[in-house]
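Coordinate inspection notes
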Amino acid sequence: MSAISPEDRAAMRESFARLLASDHTEARMRATTASPAGFDRSLWGKVGEMGLLAVLVAEENGGLGAGMREMGELFEEAGKALYTAPLLESAVIATSLLALSADAEARARLLSAMAAGETIAIPALTGDSGTWDAAGVAVEAAGDLLSGHAAYVNHAASADVLLVAAREGAGVALYEVAPATDGVTLTPQPANDPSLRLSRINFEGAAARRIEGADAAVIRAALDRGRVAQAGEQAGGSRHVLDMTVAYMLGRYQFGRPIGSYQALKHMAADLLVEVESALSAARHAAAAMDDGSADAVQLVSLAGFACADAYVEVTAQAIQMHGGIAYTTEYPLHLYWRRARSLAQMLGSSGAFCEQYLGEWEKAA
Amino acid sequence: MTGAATQATATNDVEREVRAWLAANWDADKRCEKGTDKLDAKGWLTRVRDAGYAVPTWSPEWFGRDFSSAEARLVDKAFREVRAPGTGQDRSNLGAVTVYKQGSDELKAAHLPGMLLGMRGCLLYSEPSAGSDLAGVRTRAERNGDEFVVNGQKIWTSSAREADYGMLLARTDWDVPKHSGLTFFILPMRQPGVEIRPLNQITGESEFNEVFLTDARVPAANIVGREHGGWQVLQTALAYERLIMGEGASQRGGTKVSRVPEVIAVARKTGRIGDPAMRQRIAQQLAWRQLNELNMRRAKEEIRAQGSSSLMSLGKLAMSRIQHGEARLRSEMLGAEGLLDDAAHPEARDANFDSAKAYMNSIGGGTDQIQRNIISERILGLPREQEADRTIPFRDVKSG
């Protein structure tokens, strides 16, 4: 049960949309994306002041005690405006790792600062595959010292705290590491999507603090939340790109009439609307099922896992085609959405893997 | 007392009243009127009608009770509980609803009493040369005194043989543009000028008929709405038809939630469930179906909250890729067995049948292409298709 009323949820979403409209214009977005950090720290502070980073933090840790319904809708707005920052990494995945752990001390120390936007915590969970798989973790814990490497860690260079998955005997545990610690080295991994700031991190006997009660199941649950938030971003982004495309089709004339009057393009747009609405339904129902702990939550999360990813890739790819030449230029922003869609489709697991998980859930049920 | 509490009391009163009436009049065990042993359908429907439960949302002047739709649902629930027929005709009886909403008082007085007692109707809209372009109908109705003489051919008529009356769209003025010269009639079906021939469909079924009208007669008093105002009447009738079909679809959808989906059953039987490439395609098919159900759930929430939802018009288009895709995938998994068609191979028989039946969704009630026009124009706001015949006299419109 959420601590936030539907009215408050709508109000929060609206303030976020307004903030993005004023502080995250296309010009600002392009400038901050080109900056070393890849995002705007002062805007991040305002996002924190609004309480958006506190959504998944319990009230006892200075948060709002809300759930994925609220977070998902905020991500829809983020998707529309192409706002990235470490929202997914810090406010969803790292926050959930701590919230779902059994470590009251770490929660008390870190979560309120994360909720306020003062501390950015970045999860470093994956090895060379870049996809979560307990067997693929390439960091070893020996006592409180970590050795090995993590890869595809987004916004690692902006981290105040790294939450690192490490092998510990037969299992996996989570460790808190300060990025400035001796034995921690970041190597940037240049990415196709300019909003990403990926790094490979090497650990050579780096001092770490163990997070109690954060095993592979906790990591998986936190990543599922991340996946549902991402589904919101994909749905919101898809919606915006279709709106952009329809507006262009009404204003662009060829052969003396708007290109939106040609049936070939109208029919493409109608098909894309089915994709957009389906993505929105998948994202919202997955979020609700997760909050309510419904029996079909895993099924709906895996459905959102591929349906929203595929929809965003399809909508942005077709939108470029429907626009024509202008969308082949970098000055037109559509390619930024398309790049984002393509990177989101890989970041927390591939569509193929979610498809497989989804069918597995059907087989269990039937 | 608050408004909500007042309403709650009122609905409780309705529920109590209907339950008491049913207890006094309906024998739930024998499923007939109290005090009898066998259902006299017409007698029972007369009782239901005269008690105001056949069409509870209508005005008391016309067999109704002025109930809200929430109250009508309570009536419905009470009838369902004891499995008594006859209520809810204000939602399900297309002919009666059309006459009630669009007809003159004379027309209502002449037809509603019988229509509510189980008279059957059929639709005489589509023609061989007027399918997607329904306003292009060429069936001719010519005035002759106080009746009209009808000549032409209708198609895709279900239940034509069982029907007492047809809801007929015919052209009464050829000198005005196509939408302006149409009239909507209630045509008596049991007369010499009406000839019915069944259509043989690619599924092997014959649920539809062709109806040939040769000097068929219909009284001028049977016009619904205005003479030449048939297009407007048709719009209301079509809206009700979509509503009824939508309700039917959601009720059908609700009954088979726990069943093993056919694509999984066939995959298990043929051993393809272990094929990784096939698994991806199976998952995609299941996903399309579930996404459509989630869209419809959202549509219902939006309708509850704001009265309408544009999501409703996406369901039919989405259903095409679901039905065609599932049937094709099942056929492919069956391999050579899919060639067979006998009772010993039910999966093959079903896959072949469903492969043909899928066209019922992607062509019937407006093709997918027409649906895409509608979605792009009415929801996305893109420009309307050009219509060469919209403003010229129908007499000059090319056909073929």
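As the structure is a prediction and not an experimental result, all values here were calculated from the model. (Residues numbered from 1 in each chain as written. Chains lettered and ligands numbered in written order. Predicted model: local features only at pLDDT ≥ 70, side-chain atom pairs only at ≥ 80, totals over all residues. Heavy atoms only, no water.)

1. Examining the confidence of the model for chain B
Residue and element names in this part refer to chain B. Counting all residues, the mean pLDDT for chain B is 91, and 94% of those residues have values of 70 or more. Scored below 50 in pLDDT, residues 1-5 shows 1 contact in the model against residues more than four places distant or in partner chains. Predicted confidence for residues 252-258 stays below pLDDT 50, and this span has 2 contacts to residues more than four positions away or in other chains. Both confidence scores are given for the complex: pTM 0.89, ipTM 0.94. (pLDDT = per-residue confidence, 0-100. Contact = heavy atoms within 4.5 Å.)

2. Side note on empty space enclosed by the protein
Residues and elements named next belong to chain A. Taken as a whole and assessed by the stated rule, the structure comprises 4 cavities of 30 Å³ or more. Sort the elements by how many residues they give to the lining of the largest cavity and helix α2 (residues 26-34) lands first, with 4 residues. Here the lining of the largest cavity is composed, by residue class, of 8 nonpolar, 6 polar and 5 charged. Residues from two domains meet in the lining of the largest cavity; each of domain 1 (6-115) and domain 2 (121-214) gives at least three. There is about 60 Å³ of room inside the second largest cavity. Lining the second largest cavity are F75, Y83, T84, A85, L87, L88, E89, N154, H155, S195, E233 and R340. For the lining of the second largest cavity, the leading source of residues is helix α5 (residues 87-100), giving 3 residues. Taken together, the residues that form the lining of the second largest cavity break down as 5 nonpolar, 4 polar and 3 charged. Counting residues domain by domain, the lining of the second largest cavity receives three or more from each of domain 1 (6-115) and domain 2 (121-214). (1 Å grid on protein atoms, 1.4 Å probe; cavity = no way out; pocket = protein on both sides within 12 Å on 5 of 7 lines; lining within 4 Å. Points joined across faces, edges and corners; volume = space filled by probe spheres on them. Helix = DSSP H or I, 4+ residues; strand = E, 2+ residues; numbered from the N terminus. Nonpolar A, V, L, I, M, F, W, Y, C, P; charged D, E, K, R; others polar. Domains from an automatic or database assignment.)

3. Re the environment of A319(A)
Residues and elements named next belong to chain A. Within the element layout of this structure, A319 appears in helix α9 (residues 297-323). Spatially, the C-alpha atoms of A319 and G305 are 22 Å apart, while their sequence positions differ by 14 residues. In contact with A319, other than residues within four places in its own chain, are V241, T245 and L334.

4. Considering the pattern of salt bridges
Residues and elements named next belong to chain B. Summed over the entire model, instances satisfying the criterion amount to 65 salt bridges over all chains. The partner of R65 in a salt bridge is E17, with the nearest N and O atoms 2.9 Å apart. With a gap of 48 residues between them, R65 in the loop between α2 (41-50) and α3 (69-81) and E17 in helix α1 (residues 3-25) connect regions that are remote in the sequence. A salt bridge links R289 to E326, with the shortest nitrogen-to-oxygen separation between them at 2.8 Å. (Salt bridge = Lys/Arg side-chain N within 4 Å of Asp/Glu carboxyl O.)

5. So, the domain arrangement of chain A
Residue and element names in this part refer to chain A. By domain assignment, chain A separates into domain 1 (6-115), domain 2 (121-214) and domain 3 (217-365). Spacing between the C-alpha centres of domain 1 and domain 3 amounts to 21 Å. Counting from both sides, the interface comprises 25 residues of domain 1 and, opposite them, 33 residues of domain 3. Summing the contributions of domain 1 and of domain 3, the shared interface buries around 2300 Å²; its carbon and sulfur component is 66%. At the junction of domain 1 and domain 3, the tally comes to 3 salt bridges. One salt bridge connects R284 with E76, and the closest N-O pair in it is separated by 2.9 Å. If you look at where domain 1 meets domain 3, you find 8 residue pairs in polar contact (both at pLDDT 80 or more). For the side of domain 1 that touches domain 3, the secondary-structure elements that each account for two or more residues are α2, α4 (68-81) and α5. In terms of residue count, α4 provides more of the side of domain 1 that touches domain 3 than any other element does, 9 residues in total. For the side of domain 1 that touches domain 3, the residue count by class is 11 nonpolar, 6 polar and 8 charged. (Buried area = accessible area lost by both parts, 1.4 Å probe. Polar contact = N/O pair within 3.5 Å; in protein donor to acceptor, adjacent residues only side chain to side chain.)

6. Topic: the nonpolar core
Soluble globular proteins: nonpolar side chains tend toward being buried together. In this structure, Y83(A), L87(A), L146(A), F203(A) and I282(B) are the most contacted members of the largest nonpolar core, which totals 154 residues. Once you skip the residues sitting within four places of it in the chain, L146(A) turns out to touch V139(A), E140(A), A141(A), V164(A), A166(A), Y175(A), V177(A), F203(A), E204(A), G205(A), A206(A) and A208(A). If you look at the next biggest cluster of nonpolar residues, it comprises 30 residues, including V99(B), L169(B), I186(B) and Y240(B). (Core = buried A, V, L, I, M, F, W, Y, C linked by side-chain atoms within 4.5 Å. Buried < 20%, exposed > 50% of the residue type's maximum accessible area, 1.4 Å probe, protein only.)

7. Details of the packing of α5(A) against helix α7 (residues 216-251) of chain A
Residue and element names in this part refer to chain A. Their axes nearest at 8 Å, the elements α5 and α7 cross at an angle of 150°. By the angle class used here, α5 and α7 are roughly antiparallel. Taken as a pair, α5 and α7 cross one another with a handedness that is right-handed. On α7, the residues that touch L88, V92, I93, S96, L97 and L100 of α5 are V218, I219, A221, A222, L223, R225, G226, A229 and Q230. For the contact of α5 with α7, the residue count by class is 11 nonpolar, 3 polar and 1 charged. (Axes fitted to C-alpha atoms, helices over the stretch in contact; angles between N-to-C directions. Parallel < 35°, antiparallel > 145°, perpendicular 65-115°, else oblique. Left-handed = near helix turned anticlockwise from the far one by under 90°.)

8. Things to note about the packing of aromatic side chains
Inspection of every chain in the model, using the stated rule, returns 15 aromatic pairs over all chains. Pairwise contacts between aromatic rings join W21(B), W26(B), W44(B), Y53(B) and F79(B) into one cluster. The ring of F354(A) carries R227(A) above its face, with NZ or CZ at 5.3 Å from the centroid. Just above the ring of F394(B) sits the side chain of R171(B); from NZ or CZ to the centre is 3.5 Å. (Phe/Tyr/Trp six-rings, centres within 6.5 Å; stacked < 30°, edge-to-face > 60°. Lys NZ or Arg CZ within 6 Å of the ring centre and 35° of its normal.)

9. Concerning the layout of surface pockets
Residue and element names in this part refer to chain A. When its volume is computed, the second largest pocket comes out at roughly 780 Å³. Elements with a minimum of two residues in the lining of the second largest pocket: α5, β1 (121-124), β3 (145-154), α7, α10 (334-347) and α11 (351-365). Of all the elements, α10 adds the most residues to the lining of the second largest pocket, at 5 residues.

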